[in-house]
Amino acid sequence: MKIDFTLNGQARSLNVDPLQPLLTTLRDVIGLKATKEGCGEGECGACSAIVNGKLVNTCLFPIAQVDGAQVLTLEGLRETPRGRCLIDALLTAKGVQCGFCTPGMVLALYQVLVNSPDVTQITEHEIRVGISGNLCRCTGYGMIVDAVNIAIEQGEGLW
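Being a predicted model, the structure only gives us computed values, none of them experimental. (Residues numbered from 1 in each chain as written. Predicted model: local features only at pLDDT ≥ 70, side-chain atom pairs only at ≥ 80, totals over all residues. Heavy atoms only, no water.)

K.L.:
Sorry, what's going on with the overall build of the protein chain here?
P.N.:
Secondary structure summary: the protein chain contains six helices and five strands in total. The order of helices and strands in the protein chain, counted from the N terminus, is β-β-α-β-β-β-α-α-α-α-α. The C-alpha atoms of the protein chain give 15 Å as radius of gyration, which agrees with the globular expectation for 159 residues (15 Å, within 12%). Overall size of the protein chain, expressed as C-alpha extent along the three principal axes, is 45 × 30 × 20 Å. Here the protein chain holds 159 residues, and the buried ones make up 46% of them. A sequence separation of at least 24 residues applies to 59% of the contacts in the protein chain between residues at least 6 apart. Carbon and sulfur atoms provide 48% of the accessible area of the protein chain, an area that totals close to 7,900 Å². Mean positive and mean negative side-chain charge positions of the protein chain (12 and 16 charges, respectively) differ by 5 Å. (Helix = DSSP H or I, 4+ residues; strand = E, 2+ residues; numbered from the N terminus. Rg over C-alpha atoms; globule rule 2.2 N^0.38 Å. Buried < 20%, exposed > 50% of the residue type's maximum accessible area, 1.4 Å probe, protein only. Contact = heavy atoms within 4.5 Å. Areas by Shrake-Rupley, 256 points an atom, 1.4 Å probe, with all protein chains shown as cover. Lys, Arg positive; Asp, Glu negative; His and termini not counted. Charge placed at Lys NZ, Arg CZ, Asp CG, Glu CD.)

Rendered as structure tokens:
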């Protein structure tokens, strides 16, 4: 089946099995390796990507559902000022340890920030709820939460 979509701002057209997970398409067909397969059951968030403004678990998301959609992965986000700001904030806060969860975590944090009506009012609870679908076994989450506050402070005007 032919699938047309926009990936990280660029039009893509692929002939693939419509039931193939988006994760397989991103990693094995297109070669974008930031999106990871963790649990393969939609529980860990390592495979997160943003489809039409919503965070999805690509391991459970059939490629047919991205036909006509906008898809954003870490590779695309890191090329933007917001993405660079958030990644720098994670590094400053030491919110990256082994790095396996980091691509999905960055996308989840990005969603928290862009969906907030006023980032200066984001609470720790809202951040933790926003990343609740992403597991990190290394940092204990405190430094990841701190990174959001650093991104807000250093990215004044971006959010």
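Further notes follow.
K.L.:
Honestly, the packing of helix α3 (residues 81–92) against helix α4 (residues 102–114) in this entry has me stumped. Any pointers?
P.N.:
A pair of packed helices can be characterised by two numbers: the angle between their axes and the separation between those axes. The contact between α3 and α4 brings their axes to 10 Å, and the two run at 115°. For α3 against α4, the interelement crossing comes out right-handed. Contact residues: α3 offers Arg 82, Leu 86, Ile 87 and Leu 90, while α4 offers Val 106, Leu 109, Tyr 110, Leu 113 and Val 114. Residue classes in the contact of α3 with α4 are distributed as eight nonpolar, no polar and one charged. (Axes fitted to C-alpha atoms, helices over the stretch in contact; angles between N-to-C directions. Left-handed = near helix turned anticlockwise from the far one by under 90°. Nonpolar A, V, L, I, M, F, W, Y, C, P; charged D, E, K, R; others polar.)

K.L.:
Just to check I follow, could you spell out the environment of Gln 65 for this structure?
P.N.:
By the secondary structure assignment, Gln 65 is in the loop between β4 (54–57) and β5 (70–72). In sequence terms Gln 65 and Ile 3 are 62 residues apart; their C-alpha atoms lie 8.9 Å from each other.

K.L.:
Help me understand unusual backbone geometry in this model?
P.N.:
A negative phi angle characterises most non-glycine residues, just as the trans form characterises most peptide bonds. The phi torsion at Asn 8 lies on the positive side, around 50°, for a residue other than glycine. Considering the arrangement of structural elements, one finds Asn 8 in the loop between β1 (2–7) and β2 (10–15). With a relative accessible area of 23%, Asn 8 lands in the partly exposed category. Positive phi values are uncommon outside glycine, yet Lys 94 reaches one of about 60°. Tracing the backbone shows Lys 94 in the loop between α3 and α4. Taking the relative accessible area as the measure of exposure, Lys 94 reaches 55% and is therefore exposed.

K.L.:
Is there a simple way to think about the pattern of salt bridges in this case?
P.N.:
Pairs can form between side chains of opposite charge once their charged atoms are near each other. Enumeration over the complete set of coordinates arrives at two salt bridges. A salt bridge links Arg 128 to Glu 124; its shortest N-O distance comes to 2.8 Å. Of this pair, Arg 128 and Glu 124 both sit in helix α5 (residues 124–130), four residues apart, which is roughly one turn of that helix. (Salt bridge = Lys/Arg side-chain N within 4 Å of Asp/Glu carboxyl O.)

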